[in-house]
Amino acid sequence: MSEASARKLSDDLLRPLLQTSWRFYVLVAFLGAIVLMGLGTWAYQMYNGFGITGINHPIFWAFYITNFVFWIGISHAGTLISAILRLVNAGWRRPVTRCAEVITAFALMIGALFPIIHLGRPWLFFWLMPYPSSRQIWPNFRSPLVWDFFAITTYLTGSVLFLVLPMIPDFALVRDRTTGLRHRIYGVLALGWQGTPKQWHRLESAMQIMAIAIIPVAVSVHTIVSFDFSMAPVPMWHSTMFGPYFVAGAIFSGIAGLIIAMAALRKFLHLEAYLHPVHFQNLGKLLLLMSLLWAYFVFAERLTIWYGNEPSEIAVMYVTQKGSFAPLYWTMVVCNFVIPFTILSLRKLRTIPGCVIASFGVLIGMWLERFLIVVPSLGHKYLPYSWGVYRPRPVEIIITISTFAAMTLLYVLFSKFVPIISIWEMKAGDHPSPALSAAASHEHALGETHA
Amino acid sequence: MSALYALYADGDSAQRAINALQAGGVSRDAITVLSGEPIEDQEFFETDKSTWMWYFASAGGLVGLIFATWLTRMTELAWPIKTGNMPIVSWWPNLIIMFEMTMLFGILAAVLTLLVTARLPGPRPVLYDPEIMDGKILVGVVNPANAAAVERALSQPGAEIRRSGN
């Protein structure tokens, strides 16, 4: 890469860090206010007790666990996709990876918060940790909730490291471009990075190892989240296909989240020169594939239950398809299959706005899917005398909305303080390894040259 | 401590300078090369490639596996309560914890190896120039024994010779 190109690249991608518009402060204030409202509502719930929520017998899992599964699903956008693209050396990954990895880190943090909110007494959360308490009680490793703790801890640790390590050379760049306090802060974050071949090799090796390790961990995380349900003898939960079904759904919603985040970054940070339509088209194709896979899983699940004709399962199936949950169910089908399939299967419609519309549909549809997994089954267990209904109360709705604001706020703040596109990886695209074949080299350059 | 270095706009010029330095008797270990991005298509980038990181990561994973096996088994035996008609030491659920701990320790071992072998956080370097972040490649020698010879070797077309330190 020529000096002029390298400088332009750095200037473009560092602009959001070095220049701040009034819009940034307004947005942060607005989102911060919503987050504060959510925190206040949580405090109100803690003070008054769980009775102020709509959660009651027999539906003890509702909005909060729906949000937990949804956000853990969204977290599959980043590290998993980034790790796969890194391993296959896809050139078009370069502008995409960091945008995606950030989603993983923040979505996991928000997702992991919901079981704690759901505890009612969050200060007892540490009981999940494996330590010998004063009563000599250890966590029960046969409980899926303890599996969650270990899986999410591993995935969050791995994802944060996978995000942070490639940021070190970019911190060094910011260190060299700034003065004063900012120079000192980024100097500390850069850890004395110089850019010797040895440092580059070690960084690449570490990223390679982490990419290999993080893929099975990501799959295990959502499989284990599905085990929270499928280990219980509850109608339509106790299914062997829940693991892959959840993983597919997680990747599906994750890609949708990534497309929306990228489109927003492209528009508001003026990154049109780096986030090309081809990136959206490629992700749009992946989204289409996952939409088809999701539809296949839903069909396989519903057909098996319908054919088996087991009364308790049929009751749940019909209440979702024909009963009180039918409007939500059919909205889910339209959002998760009809809209993305129609838009993304037609090349003309697979534009940036088309991908964004499809992605918004998928996010709505996947949240509804999580809700429809959690609530109808709990409300229609084996004997009708124990059936019940659930209506969310304002406290749950406010906390849910505030987590969406929290995610946006964290993303906005991150893109203000860290280059949201990995600058050194963009530059490295000009120096592909000779080990790459001719065809792969062409693919390698695709992300940089395709306008 | 002083250093003599040059900045090159492309990898080929940097490689020629390194070749000239080596031809002039400067050992490869004494030559510092810095760049703002990995230059994988150049010969000089091939140095220091071999690493034990994969072995350390595997060893870390093994430690995690052993730790998780001990933790799950020990705690189940320390509080032997029957749950869901499962045996006290239940290997199926324990496998999940063992898998997660294997991966976590493997990842942590890889990161630790990176930090140690890449010397991060490191001391303030003697030889450094912020211009490498704008696409330049730095080739230099710290405390050159024969400064004139080093300067001649570094004087490739388009190179900017610079000095740092005393």
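Described in the following lines is the structure provided in the data block.

Criteria and cut-off values
- Residues numbered from 1 in each chain as written.
- Chains lettered and ligands numbered in written order.
- Predicted model: local features only at pLDDT ≥ 70, side-chain atom pairs only at ≥ 80, totals over all residues.
- Contact = placed C-beta atoms within 7 Å.
- Helix = DSSP H or I, 4+ residues; strand = E, 2+ residues; numbered from the N terminus.
- Nonpolar A, V, L, I, M, F, W, Y, C, P; charged D, E, K, R; others polar.
- Axes fitted to C-alpha atoms, helices over the stretch in contact; angles between N-to-C directions.
- Expected span 1.5 Å × (residues − 1).
- Bend = angle between axes of the 7 residues up to and from the residue.
- Buried ≥ 20, exposed ≤ 12 C-beta atoms within 10 Å, placed from the backbone.
- Pairing = 2+ DSSP bridges.

Before going further, it helps to examine the interface of chain B and chain A. Taken together, the contacts link 57 residues of chain B with 52 residues of chain A. At the level of secondary structure, the elements contributing two or more residues to the side of chain B that touches chain A comprise strand 2 (31-35), helix 2 (53-78) and helix 3 (91-117) of chain B. Of the residues forming the side of chain B that touches chain A, the biggest block, 14 residues, is contributed by helix 3 of chain B. For the side of chain B that touches chain A, the per-class residue count stands at 33 nonpolar, 14 polar and ten charged.

Residues and elements named next belong to chain A. Between helix 4 (residues 79-87) and helix 5 (residues 97-119), the least distance of the axes is 7 Å, while the angle of their chain directions is 145 degrees. Across from Thr 79, Ile 81, Ser 82, Leu 85 and Arg 86 in helix 4, the residues of helix 5 making contact are Thr 97, Ala 100, Glu 101 and Thr 104. Across the contact of helix 4 with helix 5, the residue classes break down as three nonpolar, four polar and two charged.

So, on to helix 9 (residues 197-230) of chain A. Residues and elements named next belong to chain A. Taking 1.5 Å as the rise per residue, helix 9 with 34 residues should run 50 Å; its terminal C-alpha atoms sit 49 Å apart, in good agreement. Along helix 9, the sharpest change in direction is near 25 degrees and occurs at Ile 214; proline Pro 216 comes one to four residues later. Within helix 9, 26 of the 34 residues are buried, leaving the element largely enclosed by the surrounding structure.

To continue, consider the sheet that holds strand 3 (residues 137-142) of chain B. All names here are of chain B. If you trace the four strands from one edge of the open sheet to the other, you get 2-3-1-4, paired in antiparallel fashion. Each having just a single partner strand, strand 2 and strand 4 (160-165) make up the two edges of the open sheet. Taken over all neighbouring pairs, the strand axes of this sheet differ in orientation by 25 degrees on average, direction set aside. Across six bridges, the pairing between strand 1 (residues 2-8) and strand 3 is antiparallel. Residue Leu 4 lies in a different strand from strand 3, and its bridge partner there is Val 141. Along the sheet face, helix 1 (residues 11-23) touches strand 1, strand 2 and strand 3 and points at about 20 degrees away from the line of strand 3. Running at roughly 10 degrees to strand 1, helix 4 (residues 147-154) makes contact with strand 1, strand 3 and strand 4 of the sheet.

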